[in-house]
Amino acid sequence: MRIDIITCLPRLLEGPFSDSILKRAQNKGLVEVHVHDLRAYSTDKHKRVDDYAYGGGAGMVLMVEPIVRCIRALQEDREYDEIIYTSPDGKPLTQSVANELSIKKNLLILCGHYKGVDERVREHFITREVSIGDYVLSGGELAAAVIADAVIRLIPGVLSDETSALTDSFQDGLVAPPVYTRPAEFEGHKVPEVLLSGHEKNIEKWRFEQSVQRTNKRRPGLLGDD
Ligand code: 6GU
């Protein structure tokens, strides 16, 4: 898979991809992540990429021209399966959206910023708008990193234990069961006996029950549309 990210704050995206699982995925050749500085596509002598909103009002708007120049330059080298725009008014990112995106070959993510992007970009170039939750971030960069992380870890071979993404919370519509490691007793608090029993069937049953209980208690709407 290849993920291209267009942003006017490229440094914000340096950290998330240079460590741990996302770095290893790139080193293994399972994913390529390329961050593009929108300013490089500005023809303005001050390299501006935003301007005042027509009709007035507070906040700057990302201009259509640099964005379209950047998208078209990238499209010369490959076709994109999706051109995603990050925005709080997009569709919520769910595990099912991440699953869907994880089987694509080329993804392009445009980071929203300031008061938004010229509507013509959204109308004519964006294939999917994604929000990472009902709160407002100062920019789409962190959202783009979240989307990329949720997607990349699902690519086969990225996680060392191939089954571990399959047992994640949400993958079966349930949250994950509790986990424990050594010591078996800490300040009088014991690890549930069944986990020490070595009895695989009972452990599996216990974990499933815990998942169901936790889902009912913590995220009762999860099986619906919560
Ligand atoms: Cl994708 N962008 C911004 N700016 N804020 C958000 C968001 C995205 N998702 C939730 N809040």
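For the structure itself, look to the data block above.
Here goes a summary of the coordinates provided. On a predicted model such as this, the values are computed, not experimentally measured, just so you know. (Residues numbered from 1 in each chain as written. Predicted model: local features only at pLDDT ≥ 70, side-chain atom pairs only at ≥ 80, totals over all residues. Heavy atoms only, no water.)

Focus on the pattern of salt bridges
Side-chain pairs of opposite charge can arise whenever the charged atoms involved come near each other. Throughout the structure, instances matching the rule amount to 12 salt bridges. For Arg78, the salt bridge goes to Asp4, with nearest N and O atoms at 4.0 Å. With a gap of 74 residues between them, Arg78 in the loop between α2 (64-75) and β5 (82-92) and Asp4 in strand β1 (residues 2-7) connect regions that are remote in the sequence. Overall, Arg78 belongs to the buried group, its relative accessible area being 19%. (Salt bridge = Lys/Arg side-chain N within 4 Å of Asp/Glu carboxyl O. Helix = DSSP H or I, 4+ residues; strand = E, 2+ residues; numbered from the N terminus. Buried < 20%, exposed > 50% of the residue type's maximum accessible area, 1.4 Å probe, protein only.)

A closer look at the state of the cysteines
Counted under the stated rule, the structure contains zero disulfides. No disulfide involves Cys70; its nearest neighbouring cysteine sulfur is the one of Cys111, lying 11 Å away. When its relative accessible area of 0% is taken as the criterion, Cys70 is described as buried. Note on Cys111: no disulfide assigned, nearest cysteine sulfur contributed by Cys8 at a separation of 8.1 Å. (Disulfide = S-S within 2.5 Å.)

So, the layout of surface pockets
Counted as a void, the second largest pocket has a volume near 400 Å³. Considering only residue class, the lining of the second largest pocket consists of seven nonpolar, three polar and five charged. (1 Å grid on protein atoms, 1.4 Å probe; cavity = no way out; pocket = protein on both sides within 12 Å on 5 of 7 lines; lining within 4 Å. Points joined across faces, edges and corners; volume = space filled by probe spheres on them. Nonpolar A, V, L, I, M, F, W, Y, C, P; charged D, E, K, R; others polar.)

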